[in-house]
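# Commentary on secondary and tertiary structure
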Amino acid sequence: MKLAIVGATGVVGTKMLEMVEQYKIPYNELVLFSSKRSSGKELEVNGETYTVQELTEDRTKDGFDYVVMSAGGSTSEKFAPLFEEAGAIVIDNSSFWRMHEDIDLIVPEINSPSLNRKIIANPNCSTIQSVIALQPLYDAFGVKRVHYATYQSVSGSGSGGIRDLEEGANGAEPTTYPKPIYNNVIPQIDVFLDDGYTKEEVKMIDETKKILGDDQIAVTATCVRVPVISSHSVQINVTLDQDATEEEVRDAFRNIPHIVLMDNPAEGVYPTPYEATDENEIYVGRIRKDPTLENTFHVWCVGDNILKGAAQNTVQILKSLIDNK
């Protein structure tokens, strides 16, 4: 099996290499690609050193079985179809392909690829952890309405976001964000659209419906960048189709391997980015009834955005394809 990783030197790309090791992805040949600027760097995978190569159109014809991409939307737009045409299955971490009707948008714990095309999209990082928290409620009670309020870490913007936070502590002007992120929160992620929503908010709205396969759910969102290095937090306000108690909602999260229930606020037990960073699971807690809306609950959800929100989910998709080949 011949495997390519595109964007191998980036924040998500390097985590993907760790996930390839952790999930014991089998390959006979591994090729690491990057832009011309980063080519020539050396990276170690499974004890072997690889020289990162520049991605060009000619290299898409090298006979890859699987290609995992984390190199931005413009790179995916150009190169994913070329890899696909040459016979590879492409798993793409950018936002470019997610809402194309013929492209699968996959969270392996929830849905499986149909492979209408040989391009599979990895969802938005905040969407992934949120739908993982929603799915047990959707299965048990049905979901009528969702409101997301996100608290997203700077690593979601890659090395530039981390730099803005760290150097901002010393008074440096931001280069990635429109306002300083150090000692601040920014209620803007991506650009504003005509209706006042940002692209990030629209991603969460549209992707939630696509992943759960239900266009009837009413979804809205406010996405905010906060001065935290790793792990996103999402406050989910969810209205259920069927009546439920707080304890029944908690019970829906119990005994699910990829969810950790931390919900005893009286004893100081609730999840924060500190607990979730470098962990593969999604953490939920602070479950309580919303007295202002019928059959509505608050659920606090935390996850490592670089792991489950990006690299881990992508490699899980790859592993599921290999296992079910």
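For the structure itself, consult the block above.
Let us look at the structure shown here. Please read these numbers as outputs of a predicted model, since none were measured by experiment. (Residues numbered from 1 in each chain as written. Predicted model: local features only at pLDDT ≥ 70, side-chain atom pairs only at ≥ 80, totals over all residues. Heavy atoms only, no water.)

### Observations concerning the layout of surface pockets
Its boundaries defined by the atoms lining it, the largest pocket holds a volume of some 1100 Å³. Lining the largest pocket are 42 residues, and of these Val12, Ser70, Ala71, Gly72 and Gly156 lie nearest its centre. Its residues placed into classes, the lining of the largest pocket shows eleven nonpolar, 25 polar and six charged. Space inside the second largest pocket adds up to approximately 170 Å³. Lining the second largest pocket, in full, are Ser95, Phe96, Arg98, Met99, His100, Asp190, Lys199, Val202, Lys203, Asp206 and Glu207. Looking at the lining of the second largest pocket residue by residue, the classes come out as three nonpolar, two polar and six charged. (1 Å grid on protein atoms, 1.4 Å probe; cavity = no way out; pocket = protein on both sides within 12 Å on 5 of 7 lines; lining within 4 Å. Points joined across faces, edges and corners; volume = space filled by probe spheres on them. Nonpolar A, V, L, I, M, F, W, Y, C, P; charged D, E, K, R; others polar.)

### So, the packing of helix H1 (residues 11–22) against helix H8 (residues 307–323)
Orientation of H1 relative to H8, taken along the N-to-C sense of each, is 50 degrees, at an axis distance of 9 Å. By the angle between their directions, the pair H1 and H8 is classed as oblique. The handedness of the crossing between H1 and H8 is right-handed. Contacts from Val12, Lys15, Met16, Met19 and Val20 of H1 reach H8 at Leu307, Ala310, Ala311, Gln312, Thr314 and Val315. (Axes fitted to C-alpha atoms, helices over the stretch in contact; angles between N-to-C directions. Helix = DSSP H or I, 4+ residues; strand = E, 2+ residues; numbered from the N terminus. Parallel < 35°, antiparallel > 145°, perpendicular 65-115°, else oblique. Left-handed = near helix turned anticlockwise from the far one by under 90°. Contact = heavy atoms within 4.5 Å.)

### Notes on the nonpolar core
In globular proteins that are soluble, nonpolar side chains generally tend to be buried together. Ranked by size, the top nonpolar core spans 54 residues in total, and within it Tyr148 and Ile236 carry the most contacts. Looking at which element gives the most residues to this core, the answer is helix H3 (residues 125–141), with seven residues. Ignoring any residue separated from it by four or fewer positions in sequence, one finds isoleucine 236 in contact with Ser130, Ala133, Leu134, Val146, His147, Tyr148, Phe297, His298, Val299 and Cys301. Within the second largest apolar cluster, 32 residues are counted, among which are Ile25, Leu43, Ile91 and Leu307. (Core = buried A, V, L, I, M, F, W, Y, C linked by side-chain atoms within 4.5 Å. Buried < 20%, exposed > 50% of the residue type's maximum accessible area, 1.4 Å probe, protein only.)

### Some points on the pairing of strand S15 (residues 296–303)
Burial runs high along S15: eight of the eight residues are buried. The side-chain alternation of S15 yields two buried faces, one formed by Thr296, His298, Trp300 and Val302 and the other by Phe297, Val299, Cys301 and Gly303. For strand S12 (residues 232–240) and S15, the ladder comprises eight bridges, and the chain directions are antiparallel. Pairing of valine 238 across the sheet is with phenylalanine 297, part of S15. Sheet topology note: the strand S14 (residues 282–289)/S15 ladder contains five bridges and is antiparallel. In the strand pairing of S15, arginine 288 is matched with histidine 298. Between S14 and S15, which pair antiparallel and follow one another directly, the connecting turn spans six residues, one of which, asparagine 295, has a positive phi of 55 degrees. (Pairing = 2+ DSSP bridges.)

### Here we look at the side chain of arginine 98
Mapped onto the elements of the fold, arginine 98 is located in the loop between strand S7 (89–92) and strand S8 (104–105). There is a polar contact of 3.4 Å between the side chain of arginine 98 and the side chain of glutamate 207. (Polar contact = N/O pair within 3.5 Å; in protein donor to acceptor, adjacent residues only side chain to side chain.)

### Some words on H8
Helix length check: H8, at 17 residues, gives a terminal C-alpha distance of 21 Å against a target of 24 Å (1.5 Å per residue), a shortfall beyond 12%. Along its length, H8 shows its largest kink, about 40 degrees, at asparagine 313. Burial analysis of H8 places 14 of its 17 residues in the buried class, which makes it a mostly covered element. (Expected span 1.5 Å × (residues − 1). Bend = angle between axes of the 7 residues up to and from the residue.)

### Concerning the environment of alanine 310
Looking at the element boundaries, alanine 310 is found in helix H8. Owing to a relative accessible area of 5%, alanine 310 belongs among the buried residues under this scheme. Linking alanine 310 and phenylalanine 253, residues 57 residues apart in sequence, is a C-alpha distance of 22 Å. Not counting residues within four places of it along the chain, the set of residues in contact with alanine 310 comprises Val12, Asn93, Asn122 and Asn305.

### Side note on unusual backbone geometry
Non-glycine residue asparagine 46 carries a positive phi angle of around 50 degrees. Take asparagine 46: it is sitting in the loop between strand S3 (42–45) and strand S4 (48–51). We note that asparagine 255 has phi near 60 degrees; this positive angle belongs to a residue other than glycine. Looking at the secondary structure, you find asparagine 255 in the loop between helix H6 (246–253) and strand S13 (259–261).

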